[in-house]
Structures are given as structure tokens and as C-alpha cells.
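For reference, the chains in residue letters:
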Amino acid sequence: MEKLKEKRATKERQKESESDVQNVESGAEKITKVVKDEEKVIEAEKVIEIVKTIEVEKIVEVVKPCEKCLETCKECVAKDDIIAEYEKKKEQLLFNLNYVKESYDVLNKTVTGLQKTNSKREQALTMMNAVMMSKQKAINFYIEESAKWKQELETE
């Protein structure tokens, strides 16, 4: 019964808002006629934009009573309560799912960033090791050369 009352109330509000919009539009047309005569079309357009409003209302579904009885019975009320409870749980699960997805995306971006940083670090480390080995080879070559020259000097 409450749902029927809600639906009737929303229909009445829609009719009222439609009549208000029609009244506003007719008033706006009168304003534009007067303003056009005065050659101030820009002001009339501003008035029309401000006055027009669109209301969005939620459509409530009417639950028909069970086929056995004309009014809702205790069994129907219990079923409606269970369905409403399941709907709440469904909305909560959808919220949790979206939260988990967002968290996963953030975590995935972080892991990807860390992997890129780690690969760059590995490349830099490999390059440094290669440079160090080449420098060490050059040092070893000069040590061997100096050892040969030292032996030659001692033998002479």
C-alpha cells in the first residue's frame, strides 16, 4: 500500500513540475516578445536558461499482492522483507567489489612502477659492473707492465 502511495505521489509531483515548466515557458515567451521589441535578445536568453529546470525522480515499482489475496499477507510481507534484505546485501557486495577493483588497480600500478624501477636499477648495476671490470683489466695490465719493467731494471 505504501508503494502505491509513493507512486501516486511521484505522479502528482511530475504533473506539478510539468505544469510549472509550461507556466515558466509561457512566461519566458512573453518576456522574449517584450525583449525582442526592445532588441535585447541576449537578456531574454539568459532568463530562459535560468528558469528552466528538469527534475529527475526515481521510479518506484509497485509490487502486486499475491494472487491468493487482495491485500498483502504476512507471507508476502516476509518475502518482501527477505528480498529487500538481499537487495541491501547485493548493493553492499557491489560496493565492496568496486572497492576491491580500485584497490587492485592501485596495487597493480604500484607493482608495475616498482618493477620498472627495479629493472632500471638492474641495468645500471650491470653497466657499473661492466665498467668496473674493464677498469680492473686496465689496472691489471698496467701492474703487469710495471712488474716487467721492474724486472728488466733489476736484471740490468
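Residues numbered from 1 in each chain as written. Predicted model: local features only at pLDDT ≥ 70, side-chain atom pairs only at ≥ 80, totals over all residues. Heavy atoms only, no water.

Moving on, we get to the packing of aromatic side chains. Within this structure, the stated rule accounts for one aromatic pair. Centroid distance Phe 141 to Tyr 142: 5.7 Å. Interplanar angle 65°. Geometry classified as edge-to-face. In this structure Phe 141 comes out as partly exposed when scored by relative accessible area, which is 46%. (Phe/Tyr/Trp six-rings, centres within 6.5 Å; stacked < 30°, edge-to-face > 60°. Buried < 20%, exposed > 50% of the residue type's maximum accessible area, 1.4 Å probe, protein only.)

Moving on: the pattern of salt bridges. With the rule as written, the count across this model stands at three salt bridges. Of the charged contacts in the structure, one is a salt bridge between Glu 87 and Lys 90, with a shortest N-O distance of 3.8 Å. Highlighted residues: Glu 87 and Lys 90, both in helix H3 (residues 74–155), separated by three residues, approximately one helical turn. Residue Glu 87 is classed as partly exposed on the basis of its relative accessible area of 39%. (Salt bridge = Lys/Arg side-chain N within 4 Å of Asp/Glu carboxyl O. Helix = DSSP H or I, 4+ residues; strand = E, 2+ residues; numbered from the N terminus.)

It is worth spelling out the confidence of the model for the chain at this point. When pLDDT is averaged across the chain, the result is 76; 60% of the residues are at 70 or more. Of all secondary-structure elements in the chain, the lowest mean pLDDT belongs to helix H2 (residues 41–51), at 47, while H3 reaches the highest, 92. Under a pLDDT of 50 for its full length, residues 39–52 has, in the predicted model, ten contacts with residues more than four places off or in other chains. (pLDDT = per-residue confidence, 0-100. Contact = heavy atoms within 4.5 Å.)

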